[in-house]
Structures are given as C-alpha cells and as structure tokens.
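Below are the chains, spelled out letter by letter.
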Amino acid sequence: DATPGFLASLGGRPTTARVVVPATGVNDDPPAIAGLADHWGRGVFTCPFCDGWEHQDLHLAVVGEPAFGPHVAQLLRSGWSDRVSLFVGPLDPEVADPLRSRGVVVDERAVTRVVGDGEHVTALELDDGSSTEVGAVFVARLPIPNTGLATALGAEVDDFGFLVTDEQRTTTVPGLWAVGDVRTRMHQMSVAIADGTLAGAGVTALLLSGH
C-alpha cells in the first residue's frame, strides 16, 4: 500500500496510523542549586504571570540563564515588586545598566542554596558565604522539549529545540502534526487548546480526503 502512514509497536503489537500528533510537552530543567528542586512550585516558580501576583511586594529573586533572566526580572519589577534581584552571573553593561535604572539589583554572586521549609522559600545562600532574605524565586530557563519521537521521524526543530510547524501545526514530516509545549515557547494551556483545534481540523480534512 503506497498510502503514507506510520507503523508503531505498542506492547509488542504492531499498530498503524495515517497520522500522528505528538503532544509530548516539555521537561523542566532547573539549575543545579541545592534546595531549589525541593521547593519547585512551592516558593520556586517559572512564570511571573502565573505566580507573581501571589508574591507581590516581596523580595523576588531571579536565577537561571543570562539570556532569559533580564526579561523575567524586568517583568517582576514592572508589575509585582519593587524589590527584585537578578542572579545570573556577569552581564554586559548594555544589559545590566538599563535593569539597574529600573530598580533591579544585578547581583553577580552565584547562588549556592535555596533555603526554606519545603513549602516557602526564605533566603538564598551565596558563594561568598553570605545570605539574602527572599520571598520567592523565579527560574529563567527554557525547559527541554520532548521531541525524540518526532525527530526520530525526521522532523525539524528550531534554534531552541522546539518542533517547527506551520500555521496548521503540521511539522516538516508529512502526516506528522505537533501541538502544545513541544512546539512553542509560549507555554499556556489556551495555546495548547488552540493548537489541538487547528491540528484536529487539519487531520480531519486529510483523513476525509482519502490522501
């Protein structure tokens, strides 16, 4: 049969499919800082819009990567707290100076431990032996997309590792769609739902066409 499709083995049983829609999401990739993973979702967060309001007016710390930390720090400083400290190592002056002018503390010391009781974060320990009190920590770091299945089939990824799709959410492999976090850095439920709607319409049209 020349009809394009896919063959998979599920529990030792071969299964065929005309189309495949990976919705395999991402894995968080927290920095290797002692105590950080212990407080994930309970004092340590990733999204200012999801958790900034509940921690407004506290001292908020940002850790992670220099490429994303300044953006997260600026968001927190603009909408949730006037006490924001950025801990992502040395930054170029053209990046650091505008942050400082907006009231963000750019601290080049490394964070060695997140301190808390397992439910709330209270402080950060730094590499010079000192500590600073904080009310919450925000991680500025991209998660790792679970693209292994799709890339094994030949699908392309972008510079950040997410699957490349068109407006209909089709990948670069015929018959292979992708929806949700695995294809975009915009990790929102509403985006994933819209992706599913678009992909579903495209899949249905393909199946009804008989091609």
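Scroll up to find the structure this text is about.
Residues numbered from 1 in each chain as written. Predicted model: local features only at pLDDT ≥ 70, side-chain atom pairs only at ≥ 80, totals over all residues. Heavy atoms only, no water.

S.K.: I keep staring at the nonpolar core and nothing clicks. Help me out?
M.R.: Where a protein is soluble and globular, its nonpolar side chains tend to be buried together. Membership of the largest hydrophobic core comes to 18 residues, with the highest contact counts inside it found for Val 62, Leu 76, Leu 86, Leu 91 and Phe 138. Contributing elements (two or more residues each) for this core: β5 (60-64), α2 (69-79), β6 (84-87), α3 (93-101) and β11 (136-140). Apart from the residues lying within four places of it in its own chain, the contact partners of Leu 91 are Pro 66, Pro 70, Leu 86, Ala 96, Leu 99, Val 106 and Glu 108. (Core = buried A, V, L, I, M, F, W, Y, C linked by side-chain atoms within 4.5 Å. Buried < 20%, exposed > 50% of the residue type's maximum accessible area, 1.4 Å probe, protein only. Helix = DSSP H or I, 4+ residues; strand = E, 2+ residues; numbered from the N terminus. Contact = heavy atoms within 4.5 Å.)

S.K.: Got a minute to help me understand the pattern of salt bridges in this structure?
M.R.: A side chain of one charge can pair with a side chain of the opposite charge when the charged atoms of the two come close. In total, this model carries 9 salt bridges according to the counting rule given. Two residues, Asp 29 and Arg 141, come together in a salt bridge whose shortest N-O distance is 3.4 Å. Of the two residues, Asp 29 is situated in the loop between β3 (26-27) and β4 (44-45) and Arg 141 in the loop between β11 and β12 (144-145); the sequence distance between them amounts to 112 residues. On the basis of relative accessible area, Asp 29 is assigned to the partly exposed category, the value being 27%. Taking relative accessible area as the criterion, Arg 141 reaches 30% and is therefore assigned partly exposed. A salt bridge links Glu 119 to Arg 42, with the shortest nitrogen-to-oxygen separation between them at 3.9 Å. Taken together, the residues span a long stretch of sequence, with Glu 119 in the loop between β8 (111-116) and β9 (121-126) and Arg 42 in the loop between β3 and β4 at a distance of 77 residues. With relative accessibility at 34%, the residue Arg 42 sits in the partly exposed group. (Salt bridge = Lys/Arg side-chain N within 4 Å of Asp/Glu carboxyl O.)

S.K.: How should the packing of aromatic side chains be read in this particular structure?
M.R.: Note on aromatic pairs: each is described by the distance of the centres and the angle between the planes. A full pass over the atoms with the stated rule returns 3 aromatic pairs. Considering the side-chain rings of Phe 45 and Phe 138, the 5.8 Å spacing of their centres and the 45 degrees angle between planes classify their relative orientation as tilted. In this pair, Phe 45 is assigned in strand β4 and Phe 138 in strand β11, connecting sequence segments 93 residues apart. Accessibility assignment for this pair places Phe 45 and Phe 138 in one class, buried. Above the face of the Phe 160 ring, Arg 185 is positioned so that its terminal group lies 4.0 Å from the ring centre. (Phe/Tyr/Trp six-rings, centres within 6.5 Å; stacked < 30°, edge-to-face > 60°. Lys NZ or Arg CZ within 6 Å of the ring centre and 35° of its normal.)

S.K.: Looking at this structure, I do not really get the sheet that holds β8. What am I missing?
M.R.: Note: strands within a sheet are paired through backbone hydrogen bonds, in either parallel or antiparallel orientation. Judged by pairing direction, the sheet is antiparallel, and its 3 strands sit side by side in the order β8-β9-β10 without closing on themselves. The open sheet is flanked by β8 and β10 (131-133), the only strands paired with a single partner. If you compare each strand with its neighbour and ignore which way they point, the axes differ by 25 degrees on average. (Pairing = 2+ DSSP bridges. Axes fitted to C-alpha atoms, helices over the stretch in contact; angles between N-to-C directions.)

S.K.: When you look at unusual backbone geometry in this model, what are you seeing that I'm missing?
M.R.: Across the chain, the bulk of peptide bonds are trans and the bulk of non-glycine residues have phi less than zero. Phi is positive for Asp 57, which is not a glycine, with a value near 70 degrees. Mapped onto the elements of the fold, Asp 57 is located in the loop between α1 (48-51) and β5. At Arg 169, a position not held by glycine, the phi torsion is positive, near 75 degrees. Along the polypeptide, Arg 169 turns up in the loop between α4 (148-152) and α5 (189-209). For Arg 169, a relative accessible area of 15% translates into the label buried.

S.K.: Looking at this structure, I do not really get the environment of Asp 181. What am I missing?
M.R.: Structurally, Asp 181 is set in the loop between α4 and α5. For the pair Asp 181 and Ile 144, spaced 37 residues apart in the sequence, the C-alpha separation amounts to 9.8 Å. Those residues in contact with Asp 181 that sit more than four places away from it in its chain are Gly 25, Val 26, Phe 162, Met 186, His 187 and Gln 188.

Shape descriptors only; they carry no functional weight alone.
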